[in-house]
Every structure is written in C-alpha cells, then in structure tokens.
Amino acid sequence: MKKTIAPLFFIVMILITACSPAQKTPGVITTPDGVIPEVVSAFDIQELGVGEKGWVALTNFTGQPGNLAGLYLCQGQACAALPDESVPAGETVRISSGSGAGVDNVIAKNAAFGELRSADGEIALTTSENPQQPEQILFYMQWGSTPHELTGLAIDAGLWLEGGYAPTSEKATRLFRVKETGLWLFEE
C-alpha cells in the first residue's frame, strides 16, 4: 500500500507546485486553483483609436481576471511592454500611444508602439518585445494596406489571411470589430 501512496503524493505535490497562483505566465488567466493551461491569452483587441489620440482597447473576454504582465503591443519592431495590471473578467482597458486625454479606462500612456496612423497600419499583441516566431503573436490586425512588418508571422500563426486588411480612410478616428460578423469597420 505504501508504494502506491508515495508516488501519488509526489505527483500531487508537483502539480500543486506547478499550478501555484504565485507564478506569472504572460496573458494567462490565474484562478484560486492555479493557472488554466489551455488558455493562451485572456485578451482580445476589439477597437483602436487611430490618429493623434491613438489607443488600443484590450478586452478580457474570459470569466476570470487576467494580467497584462509579460505582454506587448507591437507595430512592426516598435513594441511597448504592457503594465503589470489585473483586468477584471469582461472589462476593457486602453493603452494610449499619446497622453490618453479624453480616452476612458487608460492604464498606460505614451506607450512606445508608435503612432496608429489612420490611413494604414498594424497592431499585434505578443509575448515578446521582438517577435520572431509565429507562436509569439496572440492577436493581429492590419488596416488600409498589406503587407506590414508582422504580417508574415501573423499568417504563419493562423491569425491573419494573406492579402487581408481592414478598410479605413485618412480621416478615420476609430477602427472597431462588429461582434455579430467579426468584420472590422471605421469611423470618421
């Protein structure tokens, strides 16, 4: 009987240690019971402010709090580390490339991912400040034209279709995804 209990005890201790809530895994949801390993990222981008007051809205689409620590927003090789902030389930926060004035729920200002141009651009949510591998890209979107610096990686990751881009105009102020269709539209 002792031979069966000892290995089982050892396996349980390894699992408890591996799933400790004290561990921080980039963009992964933690729960009181530990990390949910099958979830790659709790966050999605549903909306962008483009032009001078550029910002990216990150939504925690899960039923658990998610932490932004270890994630980056990138336009090509210009990347900004996201703050160590917990985002409640279903909530949206914004990361601003400028002062964030007049924008709701801004948790980071003057982010170094560059200006979000109205006419064309790209944005990626990544696990690296220098994404080189498809698995480092969690979300990708481009607008106005194609390709951009990270387009190939996003295609290889299965997050984007070759030749695809969202419509926009030089007067656009906001790009947003329609929930019912998944299509991206713009507002002037």
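Bear in mind the structure is a predicted one, so any value in this text is a computation, not a measurement.

About the criteria used
Residues numbered from 1 in each chain as written. Predicted model: local features only at pLDDT ≥ 70, side-chain atom pairs only at ≥ 80, totals over all residues. Heavy atoms only, no water. Disulfide = S-S within 2.5 Å. Buried < 20%, exposed > 50% of the residue type's maximum accessible area, 1.4 Å probe, protein only. Helix = DSSP H or I, 4+ residues; strand = E, 2+ residues; numbered from the N terminus. Pairing = 2+ DSSP bridges. Contact = heavy atoms within 4.5 Å.

This paragraph deals with the state of the cysteines. Applying the stated criterion across every chain yields a total of one disulfide. The disulfide bridge from Cys 74 ends at Cys 79, spanning 2.0 Å between sulfur atoms. Between Cys 74 and Cys 79, the S-S torsion sits near 115°, and that sign places the bridge as right-handed. Comparing Cys 74 with Cys 79 shows no difference in burial state: the two are buried.

Judged by how many residues are buried, strand β12 (residues 137-143) sits mostly within the fold: seven of seven residues are covered. Summarising the sheet, strand β11 (residues 121-126) and β12 pair through six bridges and their orientation is antiparallel. Counterpart to Ala 124 in the pairing with β12 is Tyr 140.

Residue position: Leu 150 is located in the loop between β12 and α2 (151-156). With relative accessibility at 1%, the residue Leu 150 sits in the buried group. Those residues within four positions of Leu 150 in sequence are excluded, and the remaining contacts are Cys 74, Gly 76, Gln 77, Glu 122, Ala 124, Pro 131, Ile 137 and Tyr 140.

By themselves these figures say nothing about function.
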